[in-house]
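One-letter residues, chain by chain:
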Amino acid sequence: MTDKILTQHFGLENLFKIDVYLENKGYEAAKKALTDMKADEILEEVKAANLRGRGGAGFPAGVKWGFVPKDIEKPKYLCVNADEGEPGTFKDRYIMTHNPHLLIEGIIITSFCVGIHTAFIYIRGEYEAVALRLEQAISEAYDKDFLGESILGTGFKLDVYVHRGAGAYICGEETALLESLEGKRGNPRLKPPFPASVGLFGCPTVINNVETVSNIPSIILNGAAWFCQVGLPKDGGTRIFGVSGMVKKPGIYELPVGTNLKEIIIKHAGGMMEGKKLKAVIPGGMSAPILTAEEIDISMDFDSLVEAKSMLGSAAIIVIDEETSMLDVLRRVTKFYSHESCGQCTPCRIGNSWINKIVKRMADGNGKREDLDKIIQLANNMMGKTLCPLGDAAAMPVLSIIQKFRKELESYIPLGN
Amino acid sequence: MSPELTDQTKKKIEEIASRYASKEAALLPVLHLVQHEKGFISQQEEKQVAHLLNIKPIKVKEVVTFYTMFNQKEVGKYHIQVCSNLSCSLLGSESLIDHLKNKLGIEIGETTSDKKFTLMTVECLGACEQAPCMMINFDYFGNLDKEKIDNILDNLE
Ligand SMILES: Cc1cc2nc3c(=O)[nH]c(=O)nc-3n(C[C@H](O)[C@H](O)[C@H](O)COP(=O)(O)O)c2cc1C
Ligand code: SF4
Ligand code: FES
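Bear in mind the structure is a predicted one, so any value in this text is a computation, not a measurement. (Residues numbered from 1 in each chain as written. Chains lettered and ligands numbered in written order. Predicted model: local features only at pLDDT ≥ 70, side-chain atom pairs only at ≥ 80, totals over all residues.)

## Overview of the overall build of chain B
Stage number 1. Within chain B, the regular secondary structure consists of seven helices and four strands.
Stage number 2. Moving toward the C terminus, one meets the helices and strands of chain B in the order α-α-α-α-β-α-α-β-β-β-α.
Stage number 3. In terms of principal-axis extent, the alpha carbons of chain B reach across some 50 × 30 × 25 Å.
Stage number 4. Considering chain B as a whole, with its 157 residues, one finds that 36% of them fall into the buried category.
Stage number 5. Counting only contacts in chain B whose residues sit at least 6 apart along the sequence, the fraction spanning at least 24 positions is 57%. (Helix = DSSP H or I, 4+ residues; strand = E, 2+ residues; numbered from the N terminus. Buried ≥ 20, exposed ≤ 12 C-beta atoms within 10 Å, placed from the backbone. Contact = placed C-beta atoms within 7 Å.)

## Some words on the overall build of chain A
Stage number 1. Summing up its helical and strand segments, chain A has 18 helices and nine strands in all.
Stage number 2. For 417 residues, the compact-globule estimate of 2.2 N^0.38 gives 22 Å, and chain A sits close to it at 22 Å.
Stage number 3. Projected onto the principal axes, the alpha-carbon positions of chain A cover approximately 80 × 45 × 35 Å.
Stage number 4. Pairs at least 24 residues apart make up 70% of the contacts formed inside chain A by residues separated by at least 6 positions. (Rg over C-alpha atoms; globule rule 2.2 N^0.38 Å.)

## Here we look at the interface of chain A and chain B
Stage number 1. Taken together, the contact between chain A and chain B spans 42 residues of the former and 32 residues of the latter.
Stage number 2. Secondary structure elements with two or more residues in the side of chain A that touches chain B: α7 (128–143), β3 (159–164), α8 (174–181), β5 (238–245), β9 (316–321) and α14 (326–340) of chain A.
Stage number 3. It is α14 of chain A that contributes the most residues to the side of chain A that touches chain B, four residues altogether.
Stage number 4. Residue classes in the side of chain A that touches chain B are distributed as 17 nonpolar, 15 polar and ten charged. (Nonpolar A, V, L, I, M, F, W, Y, C, P; charged D, E, K, R; others polar.)

## Quick word on helix α12 (residues 261–268) of chain A
Residues and elements named next belong to chain A.
Stage number 1. Along α12, the residues classified as buried are L261, I264 and I265. One face of α12 carries all of its buried residues, which in axial projection span an arc of 90°.
Stage number 2. Structurally, α12 contributes buried residues whose contacts are with β5, β6 (251–256), β7 (278–282) and β9.
Stage number 3. Of the residues flanking the end of α12, it is G270, one or two places downstream, whose phi is positive at about 80°. (Arc of directions from axis to C-beta.)

## A short note on the site of ligand 1
Residues and elements named next belong to chain A.
Stage number 1. Lining the immediate surroundings of ligand 1 are 23 residues, of which G53, G55, G172, N209 and T212 lie closest.
Stage number 2. Of all the elements in the fold, those that place two or more residues in the shell around ligand 1 are β4 (205–209) and α17 (390–404).
Stage number 3. A breakdown of the residues in the shell around ligand 1 according to their chemical character gives eight nonpolar, nine polar and six charged. (Near = placed C-beta within 6 Å.)

## Topic: the site of ligand 2
All names here are of chain A.
Stage number 1. Taken together, 14 residues lie near ligand 2, and C342, C345, C348, T386 and C388 sit nearest.
Stage number 2. At the level of elements, α15 (346–366) and α17 are the ones that each hand at least two residues to the shell around ligand 2.
Stage number 3. Partitioned by chemical class, the residues of the shell around ligand 2 number eight nonpolar, five polar and one charged.

## Considerations on the confidence of the model for chain B
Stage number 1. Of all residues in chain B, 98% attain a pLDDT of 70 or more, and the chain-wide mean is 95.
Stage number 2. In the predicted assembly, ipTM is 0.97 and pTM is 0.98. (pLDDT = per-residue confidence, 0-100.)

## Comments concerning the domain arrangement of chain B
Stage number 1. Once the domains are mapped, chain B shows domain 1 (7–66) and domain 2 (78–154).
Stage number 2. Put simply, the middle of domain 1 of chain B and the middle of domain 2 of chain B, counted by C-alpha atoms, are 29 Å apart. (Domains from an automatic or database assignment.)

## Details of the sheet that holds β6 of chain A
Residues and elements named next belong to chain A.
Stage number 1. With mixed pairing, five strands are arranged side by side in an open sheet as β6-β5-β9-β7-β8. Each edge of the open sheet is held by one strand with a lone partner, namely β6 and β8 (291–292).
Stage number 2. Alignment of β7 against β9, held across four bridges, turns out to be antiparallel. Following the sheet pairing, V281 is matched in β9 by V319. (Pairing = 2+ DSSP bridges.)

## Overview of the sheet that holds strand β1 (residues 78–83) of chain B
Residues and elements named next belong to chain B.
Stage number 1. Sheet architecture is open: four strands sit in the order β2-β1-β3-β4, paired in mixed fashion. Every interior strand has two partners, whereas the edge strands, β2 (117–122) and β4 (139–141), have only one. Geometrically, the sheet is characterised by an average inter-axis angle of 20° between neighbouring strands, direction not taken into account.
Stage number 2. Here β1 pairs with β2 via six bridges, running parallel. Counterpart to C83 in the pairing with β2 is V122.
Stage number 3. Strands in contact with helix α6 (residues 93–104) are β1 and β2; relative to β1, the strand with the most contacts, it is inclined by about 155°. (Axes fitted to C-alpha atoms, helices over the stretch in contact; angles between N-to-C directions.)

## Describing unusual backbone geometry
Stage number 1. A cis amide bond, omega -5°, links K191 of chain A with the succeeding residue P192 of chain A.
Stage number 2. A cis amide bond, omega -10°, links A131 of chain B with the succeeding residue P132 of chain B.
Stage number 3. Along the chain, P132 of chain B falls in the loop between β2 and β3 (134–136).
Stage number 4. A positive phi angle, near 60°, is found at A315 of chain A, a position not held by glycine.

## Considerations on helix α2 (residues 27–38) of chain B
Stage number 1. Helix length check: α2 of chain B, at twelve residues, gives a terminal C-alpha distance of 16 Å against a target of 16 Å (1.5 Å per residue), a fit within 8%.
Stage number 2. Structurally, α2 of chain B contributes buried residues whose contacts are with β3 and α8 of chain A together with α1 (7–17), α3 (43–53) and α4 (57–66) of chain B.
Stage number 3. A positive backbone phi angle near 95° is found at G39 of chain B, which sits one or two residues after α2 of chain B. (Expected span 1.5 Å × (residues − 1).)

## Looking at the packing of α1 of chain B against α2 of chain B
Any two packed helices are characterised by the angle at which their axes cross and by the distance between the axes.
Residue and element names in this part refer to chain B.
Stage number 1. At a closest axis distance of 10 Å, the pairing of α1 and α2 adopts a crossing angle of 160°. Compared by their axis directions, α1 and α2 come out roughly antiparallel. Crossing geometry of α1 relative to α2 is assigned as right-handed. Facing T9, K12, I13 and I16 of α1, the residues of α2 in contact are P29, V30, L33 and E37.
Stage number 2. Among the residues making up the contact of α1 with α2, the classes are represented as five nonpolar, one polar and two charged. (Parallel < 35°, antiparallel > 145°, perpendicular 65-115°, else oblique. Left-handed = near helix turned anticlockwise from the far one by under 90°.)

See below:
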């Protein structure tokens, strides 16, 4: 069996149409789940598969679903996170564009398992064409009785809606996403309570990334044991690695969890562009601490990257070459976070904009000797001291860039300053 | 002052609102709809939307000002948004932005006097494999260089 789970059929023409999807085992997992399996059995299978969240944090999907209270009068909701705002990340766009029915099938099984009758796909506003593609696919699924009042005559009811965001990175954070879906500013909520008990409209809510949900059909069809054997026992399946930056063949590569980073860059993404030398790699989206060229001989799984003091995050790999100034990288990173802070907590709002101002001044050639320590101090003041993880997400890359490239950064400070 | 929303838009708004447990939740989709029809969201539209969704106008303003995709003033017929985030900048977005500024004779955030083009920079567009890239209205253009940009712009009516 092939090791590809999500992109296996991407080569097929018109895979996004339901007829082509059906010809390739499409909706068989949903049929199996709804007609042959009990909700508990599905939950056990997903738990056994150790499917870890593909949105960034890597929380096991089955465990998360298990937190949703069972006997409750209130409706329950599923929110699929298609905000895809982490710089470097573009994998979910490929799934939704080429294989929208795989996501819909995952939504059906997830909803059936948890007892959900309304699901929203929260998609970033810029992906207008992708949202239209999803809406077409959803309407096809209604026509063929895979969605609606009584799916496949089983009596199970499910409605799915696409909800477009409007250009705010913070709305990818799960509680900000809920606020945004409710028609408000995307200000993250204090946790607890967690969305599994108090989420959308105050009701129990499951929030999962597009790629996470799209893995569900294969787990139901082929079993948890198979899924674990594709990846690692504690981190099963594949990841869609999105490679961008100074490589010959930027793009998506679906490979087993645990594939070596060096191999991804050199073998799959074609290696460095002509005449360019590798300097550093951001291995999991902009929030992930940077790795130097010497550190890329590493297994791409959640635990190995934590051990290397970085993170797998959204598995977005940004490749940086020798000629690029790390001060410029730092400038892009800090500009992003100061722009995207929602402003609710002082350390994040003030810290990020202050750091960005210092870095800008350094980039303008007016750096001072104490600047780097000042930035470290400001970043440390954000770590663990904010309402949502954006504070940490902003501090981590900054601290790692200064720690690993301090000499170079100091070289941009004029002598005597 | 802009004229009332069309009946068709109002009907669509009702349909969207019925999806949610609270009418207010329809705010983002409704603002997209209004912006699609009017090009931007003025105070007048904020009031109309507030009325239709039964919420206070200040609630609408809060949202319009929070989300960068909602235009609070008129933009050109072609809204150019160039990505200035990391992957695009590694591949030269900076020089493309300069090129666009020169070509259009405007700074970032400005609109040409014939109201044809507005130029903005934005954060990652989720298309980093095609860096450097930009959006014009809702169309994506990737793997850009100066020549390609000239070609694209020269072919716009
Ligand atoms: C600032 C911030 C931005 C985030 N952006 C996204 C995003 O764009 N897409 C996503 O799936 N998860 C994003 N997340 C993670 C979500 O909060 C949440 O963990 C995830 O959607 C859960 O789904 P998963 O368990 O399937 O990964 C973000 C988190 C933070 C703190
Ligand atoms: S950490 Fe930043 S983004 Fe998160 S809630 Fe606080 S201010 Fe907002
Ligand atoms: S960095 Fe430009 S699209 Fe992602």
